[in-house]
Amino acid sequence: MRRRIVAAGAVFATLAATAGAATAIPAGAGTTQTRVVSANPAAWTPNVLDGAVKAITSVGNKIIVGGTFTKVRAASGGAVLSRPHIFAFDQGTGKIDTKFVPKVDGTVYGLAPGPGGTVYAGGAFHNVNGSATRGLTRLYLANGYRNGNFMKTTTGNGTVHSIVAGKDHLYVGGSFTSIKGVKRAGLARVSKYYGVVDTKFNVPISTPRAGELKVQKMALSPKGDRLVIDGTFLKVAGHSRPQVAVIYTTTAHPGLASWSTTRFSPRCSTAVDTYTYGIDFSPGGKYFAITTSGAKYNGTLCDSVSLWNTYGGGSTTPKWVNSTGGDSLYSVVVTGAAVYVGGHNRWLDNPDGRDSAGPGAVSRPGVGAVSSSTGKALSWNPTRTRGHGAEALYATSKGVYIGSDTDELGHEYHARLGFFPLP
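Overview of the structure. (Residues numbered from 1 in each chain as written. Predicted model: local features only at pLDDT ≥ 70, side-chain atom pairs only at ≥ 80, totals over all residues. Heavy atoms only, no water.)

Regarding the overall build of the protein
Then comes step 1: Check the secondary structure of the protein and you find one helix and 40 strands.
Then comes step 2: Relative to the 2.2 N^0.38 estimate, which gives 22 Å for 423 residues, the radius of gyration of the protein is 20 Å and therefore close to what a compact globule would have.
Then comes step 3: Each of the three principal axes of the protein carries a C-alpha extent, and together these read 65 × 55 × 35 Å.
Then comes step 4: Accessible surface, the protein as shown: approximately 15100 Å² in total, 51% of it carbon and sulfur.
Then comes step 5: If the 43 positive side-chain charges of the protein are averaged to one point and the 21 negative ones to another, these points end up 7 Å apart. (Helix = DSSP H or I, 4+ residues; strand = E, 2+ residues; numbered from the N terminus. Rg over C-alpha atoms; globule rule 2.2 N^0.38 Å. Areas by Shrake-Rupley, 256 points an atom, 1.4 Å probe, with all protein chains shown as cover. Lys, Arg positive; Asp, Glu negative; His and termini not counted. Charge placed at Lys NZ, Arg CZ, Asp CG, Glu CD.)

Written out as structure tokens, the structure reads:
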């Protein structure tokens, strides 16, 4: 194969200093890479032995992984380790962290770096380390303890599907009805240290197209001035915004931007409540990409990746669209050198395919890369066993991580987690 709460404030200060490598929260998305990553996965990434990987982030030299899994093992083999829904390992060696072992009783859907050697986790859990903590928590990487200042920031009646860290705040999206007792339906902003709800940020979503009202995914621009959200909503702040909206975040009273599109209005498969999934900004923040599911329907953006200008008002159309021809794309990361996508895909460049390879289609099983300028598939084609699909892509200065529900990546055994290094 190549590849407990802590009682005293003084203790918290000690832990922060101990864990302290990289404490800064990034202003937003935007990891710049000037080259396409290798198609040969690194040999050192740990194996996730069950469930699926749903989220990946980094804090300093630590990579943190969340999902539905419960067991992991080093790439070199050895003991199977119990890691319910979250674990951490060292970048470059894959050494699984034996001190960061929080007990989380439900799926982790979102992760984001926190201050003071911590990581935020959001999901469908109700308890962390044996104490009631619904949907949202902040954990010390030094030992897996919950942060005492943040521990009462819990959600009401729902799940956290996505979290994004900004300079001073954490953005929270999902299907919840409140945070820390403050009514917020599916979208909120809280302070990074204490989890206090920002009452100035109140941009209500409403009118679900199907199922429950929720924000599915979010992305924050590198400048931190725009937040893109997608989900089941048809309206935001009372205005028509079918499934996708842009929110300006840096004014005294944040609100809905004039950016809008009708391209996500058409109905796709009724089997999904929203067909919008992954979002990521370009390193400069001038554009963002969105991936979708929804089956093949001519003239729609179902089962595609599309690129959008961030700024400007009124009805907007995509710069380009790359269609799979009937397969879901769940995740996306934009690096400048490429727009990487992951999902259940068999092909890219396949607008005329219908669960078949149409004219011009290129084989890209489970993962692929698209040119940000042309929207055409790049030659990068490591392949991945498709399964349900890859729901997590994460870029660092060293390469791109991918998380999924299958065991083969780049024609090798890499259970549910892999890393493509820069050449």
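Still to come is the rest of the account.
Some words on the pairing of strand β20 (residues 226-231)
Then comes step 1: Where burial is concerned, most of β20 is hidden: six out of the six residues are buried.
Then comes step 2: Taken together, the five bridges between strand β19 (residues 215-220) and β20 define a ladder with antiparallel strand orientation. Bridge assignment links L220 to a residue of β20, and that residue is L227.
Then comes step 3: In this structure, the hairpin formed by β19 and β20 is closed by a connection of five residues, where G224 is found at a positive phi of approximately 80 degrees. (Buried < 20%, exposed > 50% of the residue type's maximum accessible area, 1.4 Å probe, protein only. Pairing = 2+ DSSP bridges.)

Topic: the nonpolar core
Then comes step 1: Formed by 19 residues in total, the largest nonpolar core has its most connected members in V228, F264, F288, I290 and W308.
Then comes step 2: Elements that contribute at least two residues to this core include exactly β23 (244-248), β26 (276-281) and β27 (287-292).
Then comes step 3: By residue number, the principal contributor to this core is β26, which donates three residues.
Then comes step 4: Residues contacting F264, with those up to four places away along its chain left out, are P242, Q243, V244, Y275, T276, I290, T292, L301, S306 and W308.
Then comes step 5: Counting residues in hydrophobic clusters, the runner-up holds 17 residues, among them A42, I63, F89 and I96. (Core = buried A, V, L, I, M, F, W, Y, C linked by side-chain atoms within 4.5 Å. Contact = heavy atoms within 4.5 Å.)

Some words on the state of the cysteines
Then comes step 1: For the coordinates displayed, the defined rule picks out one disulfide.
Then comes step 2: Residue pairing for C268: its cysteine sulfur links by disulfide to C302, the two sulfurs lying 1.4 Å apart. Around the S-S axis, the bridge from C268 to C302 shows a dihedral of about -45 degrees and counts as left-handed. A residue pair is termed long-range when its members are at least 10 positions apart, and C268 in the loop between β25 (259-260) and β26 and C302 in the loop between β27 and β28 (304-309) qualify at 34 residues.
Then comes step 3: The class of C302 is buried, set by a relative accessible area of 5%. (Disulfide = S-S within 2.5 Å.)

Topic: the pairing of β23
Note on strand geometry: in a regular strand, side chains alternate between the two faces of the sheet.
Then comes step 1: Most of β23 sits inside the fold, with four of its five residues counted as buried.
Then comes step 2: For β23 and strand β24 (residues 255-256), the ladder comprises two bridges, and the chain directions are antiparallel. If you follow Y248 over to β24, its bridge partner there is G255.

Here's the deal with the sheet that holds strand β3 (residues 62-67)
Then comes step 1: Spatial ordering of the open sheet is given by β2-β3-β6, a layout of three strands whose pairing is antiparallel. Across the chains shown, the open sheet's two edge strands, defined by having one partner strand only, are β2 (53-59) and β6 (86-90). Geometrically, the sheet is characterised by an average inter-axis angle of 25 degrees between neighbouring strands, direction not taken into account.
Then comes step 2: In this structure, β3 lies alongside β6, joined through five bridges in antiparallel fashion. Its bridge partner lying in β6, I63 is registered against F89. (Axes fitted to C-alpha atoms, helices over the stretch in contact; angles between N-to-C directions.)

Quick word on the packing of aromatic side chains
Within a pair of aromatic rings, the relevant descriptors are the distance that separates the centres and the angle that separates the planes.
Then comes step 1: With the rule as written, the count across this model stands at 17 aromatic pairs.
Then comes step 2: With a centroid separation of 5.5 Å and an interplanar angle of 75 degrees, the aromatic rings of Y171 and F201 are classed as edge-to-face. In this pair, Y171 sits in strand β14 (residues 169-174) while F201 sits in the loop between β17 (187-191) and β18 (205-208), placing the two residues 30 residues apart along the sequence.
Then comes step 3: Here Y171 falls in the buried class, since its relative accessible area comes to 4%. (Phe/Tyr/Trp six-rings, centres within 6.5 Å; stacked < 30°, edge-to-face > 60°.)

Here we look at the pattern of salt bridges
Then comes step 1: Scanning all chains against the criterion turns up ten salt bridges.
Then comes step 2: Of the charged contacts in the structure, one is a salt bridge between D90 and K62, with a shortest N-O distance of 2.7 Å. Here D90 is found in strand β6, whereas its partner K62 is found in strand β3, with 28 residues between them in sequence.
Then comes step 3: Residue class for K62 comes out partly exposed when judged on its relative accessible area of 22%.
Then comes step 4: Across the pair R346 and D327 runs a salt bridge, and its minimum N-O distance is 2.8 Å. With R346 in the loop between β32 (339-343) and β33 (347-348) and D327 in the loop between β30 (320-323) and β31 (329-334), this pair connects stretches of sequence that are 19 residues apart.
Then comes step 5: Residues joined in a network through salt bridges with shared partners are D327, R346, D355 and R386. (Salt bridge = Lys/Arg side-chain N within 4 Å of Asp/Glu carboxyl O.)

Brief notes about the sheet that holds strand β12 (residues 155-156)
Then comes step 1: One open sheet accounts for three strands, arranged β12-β15-β16; its pairing is antiparallel. Because the sheet does not close on itself, it has two edges, and the strands there are β12 and β16 (182-183).
Then comes step 2: Of the strand pairs in this sheet, strand β15 (residues 178-179) and β16 are connected by two bridges, and their pairing is antiparallel. Looking across to β16, one finds that I179 is bridged to V182.

Remarks on a nonpolar patch on the surface
Then comes step 1: The grouping of Y193, Y194 and V196 at the surface amounts to a nonpolar patch, some 310 Å² of accessible area in total.
Then comes step 2: With respect to the helices and strands, the residue V196 is situated in the loop between β17 and β18.
Then comes step 3: By relative accessible area, V196 is classed as partly exposed at 44%. (Patch = residues over 30% accessible without salt bridge, like charges linked within 9 Å, V, L, I, M, F, W, Y side chains within 5 Å.)

A few points about the environment of L187
Then comes step 1: Within the secondary structure, L187 is located in strand β17.
Then comes step 2: The spacing of L187 and S304 is 117 residues in sequence and 25 Å in space, taken between C-alpha atoms.
Then comes step 3: Beyond its immediate stretch of four places on either side in the chain, L187 contacts V172, F176, F201, V203, V215, M218, L227, I229 and I247.

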